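# A closer look at the structure
Here's the letter readout for the chains.
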Amino acid sequence: MDSRKAPLDLIAAALRRERERSNLSLSEVAKRAGIAKSTLSQLESGAGNPNIETLWALAVALNVPFSRLVEPPPTAPRVIRAGEGPSIKSEQADFVGTLLATCPPGVRRDIYLMTVEVGSARKADPHLPGTVEHVVMISGRLRVGPTDSPVDLDVHDYASFAGDVPHAYEALASGTSFALIMEHR
């Protein structure tokens, strides 16, 4: 198994668990996420190849953090080596998100390592109400933030912005990477 891909069986089990926990039908979750019921059914059975946009839409529809759909059960100590961890690619851009840590019960934050290459921007739909995104630049240059007020960041710059509005990520230099902390309120 490629360790850079989120395992389909983990995603399938998480989707089923969260849908049942919310007491929602396949039809209702699919409608809320703007996807076909058959697509959701395939994902819950471990088939298909979900992209980051579909998984984000499902997380919002289920009112759960994205990480709850892709994070394996925790073990201690946890080390994620470079190039490892559950990674999901974007369909819109050369953009990859690797989940590094989820939040423990009672805390609502997730940490990701993101890589993006020059080309088209990765456009993100609003996340759960109250979500705040924190970006710490590691390499390259990035234009990020709400679609109506993005900012340009260089190595070691930090920015935070509302994640519950349409926003985007666009590499301005090759080899761009950053840490993304999703704060869910």
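Above this note sits the structure.
Everything in this summary refers to the structure shown in the same document. Per chain, the residues get numbers from 1 upward, laid out in the order the sequence is written. In keeping with the predicted nature of the model, local features appear solely for residues at pLDDT of at least 70, side-chain atom pairs appear and are counted solely at 80 or more, and the whole-chain, interface and lining totals rest on all residues. Only heavy atoms go into the side-chain values, all of them from the structure, while hydrogens and water stay out.

## Remarks on the packing of aromatic side chains
For clarity, the threshold we go by: Stacked, tilted and edge-to-face are the three classes assigned to paired rings of Phe, Tyr and Trp, where Trp is represented by its six-membered ring and a pair needs centres within 6.5 Å; plane angles under 30 degrees give stacked, over 60 edge-to-face, the rest tilted. Helix and strand assignments follow DSSP, with helices taken as H or I runs no shorter than four residues and strands as E runs no shorter than two, numbered in order from the N terminus. The buried label applies to any residue whose accessible area, calculated with a 1.4 Å probe on protein chains only, is under 20% of its type's maximum; exposed applies above 50%, and partly exposed to all values in between.
This model, assessed by the stated rule, comprises five aromatic pairs. Measuring from ring centre to ring centre gives 5.1 Å for F95 and Y169, while their planes differ by 40°; the resulting arrangement is tilted. Placement of the pair is F95 in strand β2 (residues 95–101) and Y169 in strand β9 (residues 167–171), with a sequence separation of 74 residues. By the burial criterion, F95 is buried, and Y169 matches it. Ring plane angle 15° and centroid distance 5.9 Å describe the contact between Y169 and F178, whose orientation is recorded as stacked. One exposure class covers both Y169 and F178, and it is buried. Taken together, the ring pairs in this structure connect W56, F66 and Y112 into an aromatic cluster.

## Quick look at the sheet that holds strand β4 (residues 122–124)
The test is simple: Pairing between two strands is assigned when DSSP locates at least 2 bridges connecting them. Only the stretch in contact is used when a helix axis is fitted, and all axes are lines through C-alpha atoms; the angle between N-to-C directions ranges over 0 to 180 degrees.
Strand order in this open sheet of four strands is β4-β9-β6-β7, and the pairing throughout is antiparallel. Both outer strands of the open sheet, β4 and β7 (151–153), are each paired with one neighbouring strand and no more. With strand direction ignored, the average angle separating the axes of adjacent strands in the sheet is 20°. Pairing between strand β6 (residues 142–146) and β9: five bridges, direction antiparallel. Considered in β9, the bridge of L142 is made with A171.

## A few points about the pairing of β2
Among the seven residues that make up β2, five are buried, leaving the element largely enclosed by the rest of the structure. Here three bridges tie strand β1 (residues 87–89) to β2, and the two strands are oriented antiparallel to one another. Within the sheet, the bridge partner assigned to S87 lies in β2 and is T98. Hairpin connection from β1 to β2: five residues lie between these consecutive antiparallel strands. Bridge analysis of β2 against strand β3 (residues 109–116) gives six bridges, and the strand direction is antiparallel. Counted as the bridge partner of T98 is L113 from β3.

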